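Survey of secondary and tertiary structure
Chain by chain, the residues:
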Amino acid sequence: MDGLNTPNAYGENLLLDRDPTRPNDRYSENVDWILAEAAKRGLTIGMLPTWGNKVLRGTMEKVSDIVFNEDNALDYGRWIGARYRNASNLVWILGGDRRLTGAIGVWRALAKGIRESDTGKHLSTFHPHGNATSSEQLHNDDWLDFNMVQSGHAMRDKRNDDLVRADYNRRPAKPVLDGGPRYDNHPVNWKPDELGWFDDYDVRQAAYFALLAGAFGHTYGCQDIWQFVEPGRGPVCFARGNWHKSLLLPAVAQLGIARKFLEAHDPATRAPAQEFLLDKDDSPLHPVAARGDHYAMVYLPAGGNVHLNLADIPGRKLRTQWFNPRTGELSKAEKTDGYKAPGEARR
């Protein structure tokens with residue numbers, strides 16, 4: 001949005017005269033209030049010090065939108081880091097949907113300024129452009145506490161698990177999540193007439209792909225909600241719903257269902273386990289597997305059969321259940337005593 005020139009609901013802009021060295025305290029007082037209200041509700045704010053178009057021009061943006069350079073980004077970082085140093089519910093997210101090439105020095109200066117004033121009290125990450133990850137150029141930066149993937153909105157059945165799994169296996173080890181999977185009610189590749197819209201299936205698929213591939217968390221996004229579409233506020237990028245009504249879309253509940261299920265199975269020991277699958281499948285609708293202490297999980301995005309490698313499963317008893325990710329329903333557990341031999345394929 002036009003954050004440099006269009007004021008908030010109280011008539012205030014963050015930067016006086018569009019100058020990063022002149023932040024407006026009256027604007028920030030409203031941000032302070034939002035943080036406090038979120039804390040009362042047990043919510044953590046992912047705070048972007050700036051959106052990416054104020055640092056690096058995108059394909060549809062003006063050069064005049066760029067106001068940050070390495071010098072003023074350092075000063076601005078020191079200011080905003082000091083202002084929110086004592087916040088109890090904040091994670092820093094630099095980047096703002098942008099490439100690093102051409103502006104990496106500005107982002108590093110901003111991160112340095114924040115870290116100097118914030119003294120590392122809050123976690124920091126970077127929001128990359130589509131089909132990319134913060135690890136590409138920043139993985140070894142000390143201020144980058146965890147990696148963020150943006151698998152993006154360009155296609156159905158995107159294998160975001162590949163992006164997540166690659167970051168999960170990087171060294172030194174850093175946690176990873178998909179901060180920009182396909183959004184609910186978002187036009188596929190911004191071509192609604194040709195390709196249609198993402199829905200609860202797409203949201204669910206991206207979530208289980210990522211979470212079983214090693215992600216420590218996941219993001220739900222909705223095209224209508226992030227921009228608060230309502231009468232009097234025009235839509236951006238083909239948004240088609242009122243944000244109040246979109247809070248009731250079927251996909252809204254999906255991450256809650258996933259969280260309840262996954263946290264019931266010792267998440268601290270969960271790790272990717274594609275080797276658990278005997279059938280090699282590189283299709284977009286491939287199964288994804290993970291294992292932890294005393295359990296294993298396999299996600300089948302399109303149903304069907306799966307052959308499992310039981311060679312290193314301890315003990316001689318198995319208990320199997322089907323979990324419906326749409327509803328959270330679990331089938332009655334079936335016990336298998338004395339299965340023939342470790343390593344035998346089972347459906």
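Quick summary incoming for the structure in this document.

Cut-off values and rules
Residues numbered from 1 in each chain as written. Predicted model: local features only at pLDDT ≥ 70, side-chain atom pairs only at ≥ 80, totals over all residues. Heavy atoms only, no water. Buried < 20%, exposed > 50% of the residue type's maximum accessible area, 1.4 Å probe, protein only. Helix = DSSP H or I, 4+ residues; strand = E, 2+ residues; numbered from the N terminus. Pairing = 2+ DSSP bridges. Axes fitted to C-alpha atoms, helices over the stretch in contact; angles between N-to-C directions. Parallel < 35°, antiparallel > 145°, perpendicular 65-115°, else oblique. Left-handed = near helix turned anticlockwise from the far one by under 90°. Contact = heavy atoms within 4.5 Å. Nonpolar A, V, L, I, M, F, W, Y, C, P; charged D, E, K, R; others polar. Expected span 1.5 Å × (residues − 1). Polar contact = N/O pair within 3.5 Å; in protein donor to acceptor, adjacent residues only side chain to side chain. Arc of directions from axis to C-beta. Disulfide = S-S within 2.5 Å. Phe/Tyr/Trp six-rings, centres within 6.5 Å; stacked < 30°, edge-to-face > 60°.

1. Here's the deal with the pairing of strand β9 (residues 295-299)
The side-chain alternation of β9 yields one buried face, formed by Y295, M297 and Y299, and one unburied face, formed by A296 and V298. Here strand β8 (residues 288-292) folds back onto β9 in antiparallel fashion, the turn holding 2 residues, of which H294 has a positive phi close to 70°.

2. With respect to the packing of helix α5 (residues 160-168) against helix α7 (residues 200-212)
Following both chains from N to C, one finds α5 and α7 inclined at 25°, their axes separated by 8 Å at the closest point. Considering their axes alone, α5 and α7 lie roughly parallel with respect to each other. Handedness of the crossing formed by α5 with α7: right-handed. Along its contact with α5, which presents N160, D161 and V164, the element α7 presents A206, F209 and A210. Split by residue class, the contact of α5 with α7 holds 4 nonpolar, 1 polar and 1 charged.

3. What about helix α3 (residues 104-118)?
Taking 1.5 Å per residue, 15 residues should reach 21 Å; α3 reaches 21 Å between its end C-alpha atoms and fits that length. Listing the buried residues of α3 in full gives V106, W107, A109, L110, A111, G113, I114, S117 and D118. Check the buried side of α3 and you find it contacts α2 (70-83), β2 (90-94) and β3 (124-126). Of the residues flanking the end of α3, it is T119, one or two places downstream, whose phi is positive at about 55°.

4. Some thoughts on the sheet that holds strand β6 (residues 176-178)
With respect to topology, 3 strands assemble into an open sheet ordered β4-β5-β6, the strand pairing being mixed. The two strands at the open ends of the sheet, each matched to only one other strand, are β4 (132-133) and β6. Pairing geometry for β4 and strand β5 (residues 147-150), over 2 bridges, is antiparallel. Residue T133 lies in a different strand from β5, and its bridge partner there is V149. The strands that α5 touches are β4, β5 and β6; relative to β6, the one it contacts most, it runs at about 165°.

5. Here's the deal with the side chain of R159
Topologically, R159 is positioned in the loop between β5 and α5. A polar side-chain atom of R159 sits 3.3 Å from a polar atom in the side chain of H286. Sequence-distant contacts of R159, defined by excluding residues within four places in its chain, comprise D281, D282, S283 and H286.

6. Quick look at helix α10 (residues 254-263)
Listing the buried residues of α10 in full gives Q254, L255, I257, A258, F261 and L262. What you see down the axis of α10 is that its buried residues fit within an arc of 155°, all on one side. Seen from the open side of α10, the exposed residues pointing more than 90 degrees away from its buried face are R259 and K260. In this structure, the buried side of α10 is in contact with α7, β9, β11 (323-324) and β12 (329-330).

7. Here we look at the state of the cysteines
On inspection of all chains with the given rule, the structure shows 0 disulfides. Of all cysteine sulfurs in the structure, the one in C237 sits closest to C222, which takes part in no disulfide; the separation is 13 Å. Classification of C222 by relative accessible area gives buried; the value is 3%.

8. Here's the deal with the sheet that holds β3
If you trace the 3 strands from one edge of the open sheet to the other, you get β1-β2-β3, paired in parallel fashion. Edge positions in the sheet fall to β1 (45-47) and β3, since each of these pairs with one other strand and no more. Between one strand axis and the next, the sheet turns by 30° as a mean value, whatever way the strands run. Packed onto the sheet, α3 meets β2 and β3 and runs at close to 160° relative to β2.

9. Regarding the packing of aromatic side chains
Applying the stated criterion across every chain, the model contains 8 aromatic pairs. Taken together, a centroid distance of 5.1 Å and an interplanar angle of 20° make the contact between Y208 and Y299 stacked. Separated by 91 residues along the polypeptide, Y208 in helix α7 and Y299 in strand β9 bring together distant segments of the chain. Here the aromatic cluster, defined as three or more aromatic residues joined through ring pairs, consists of F68, Y76 and W79.

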